[in-house]
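Read off the chains here:
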Amino acid sequence: MSRRLLLTTTTGEPYQPVRLTYSVPNRSQALRRIRRFRCIEIDDERGRASVWLDDEARKLDLDPPPPAWESFGQRILLGAISFPNPRAMSLQVRSIPRAIELAKMLRPALDTALPLVRVRLVNRWFHPDEHTGELDELDRHLDRDVTVIDWEKNAADLERATAGCRTPEEYQRRAAEYRAKQPDIPMVEDLPMHPEDENDRMSDLASTLHFRFARAARRWKGEDVTLNQVIDDFVRDHFSKPR
């Protein structure tokens, strides 16, 4: 079977649009905080900003672009920052690795005063043939047929399903049984994040996105796998390793 071609970013990651939304007191304060980054270019008139693969961003854990880009003086746009309303700042990127790396870069400047509150992503990868016009057209998938996830309800349902468990093994078994009955994640998913549980490594965001990245990778290879199966496989592999 021939290998499927994959649409990737300039820095080599699978193209997969992600939008991070932060809660901010106001646009002016948010712009003041991100202005300290030399890799962020702010358009004061429009109240927007662009994150380039320059200066601080070169330290991010991303593959370098092809040499031809820099030899021809091309700059690599990593992300776009906008303000959809007076109390929200959005960072939109085109891959999960970029989302995680830029969130970690911004964390010291934004701190807990401007927390990450939501993440929206497209839960699949793309073939180059789907890029028929401007790349912005594929970015617009983020605003089509969006499913907003209610994690509080899901957590309460899981708690009821695992009530009375006496051992970790029993909890894992009943939790796996509960997840197996749940529908798979939607194509475009809007998730709440929990700032109180986040740390400077953005571990909560990273784990959330890494599982979805793994699901997209396995489905790209032809596996009809769900997110819950990906998580269960990870848990089983993790606990089966000798300690």
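Look above for the structure.
The structure contained in this document is the topic of the report that follows.

Conventions we followed
- Residues numbered from 1 in each chain as written.
- Predicted model: local features only at pLDDT ≥ 70, side-chain atom pairs only at ≥ 80, totals over all residues.
- Heavy atoms only, no water.
- Helix = DSSP H or I, 4+ residues; strand = E, 2+ residues; numbered from the N terminus.
- Buried < 20%, exposed > 50% of the residue type's maximum accessible area, 1.4 Å probe, protein only.
- Contact = heavy atoms within 4.5 Å.
- 1 Å grid on protein atoms, 1.4 Å probe; cavity = no way out; pocket = protein on both sides within 12 Å on 5 of 7 lines; lining within 4 Å.
- Points joined across faces, edges and corners; volume = space filled by probe spheres on them.
- Nonpolar A, V, L, I, M, F, W, Y, C, P; charged D, E, K, R; others polar.

1. With respect to unusual backbone geometry
A positive phi angle, near 45°, is found at D55, a position not held by glycine. Secondary-structure assignment places D55 in the loop between strand 3 (48-52) and helix 2 (67-71). The backbone of D111 sits at a positive phi, close to 55°, despite the residue not being glycine. Assignment of secondary structure puts D111 in the loop between helix 3 (96-110) and strand 6 (116-122).

2. Things to note about the environment of W69
Tracing the backbone shows W69 in helix 2. Look at W69 and you get partly exposed, because its relative accessible area is 31%. When the C-alpha atoms of W69 and T10 are compared, they prove to be 8.9 Å apart, with 59 residues separating the residues in sequence. Apart from residues lying up to four places away in sequence, W69 is in contact with T10, Q74, R75 and I76.

3. Some remarks on the layout of surface pockets
Each pocket or cavity is described by its volume, and for the largest pocket that value is around 1200 Å³. Surrounding the largest pocket, 39 residues form its lining, W151, R179, L227, N228 and I231 being those nearest its centre. Elements with a minimum of two residues in the lining of the largest pocket: strand 7 (146-148), helix 5 (151-161), helix 6 (168-180), strand 8 (188-192), helix 7 (203-220) and helix 8 (227-240). Of the residues in the lining of the largest pocket, the class split is 18 nonpolar, eight polar and 13 charged. In terms of lining residues, the second largest pocket is bounded by 34 residues, among which L77, A80, R94, D136 and D139 are the most central. Within the residue set of the lining of the second largest pocket, elements represented by two or more residues are strand 2 (40-43), strand 3, strand 4 (77-85), strand 5 (88-93) and helix 4 (135-139). Here the element with the most residues in the lining of the second largest pocket is strand 4; it accounts for seven residues. The residue inventory of the lining of the second largest pocket, partitioned by class, reads 13 nonpolar, nine polar and 12 charged.

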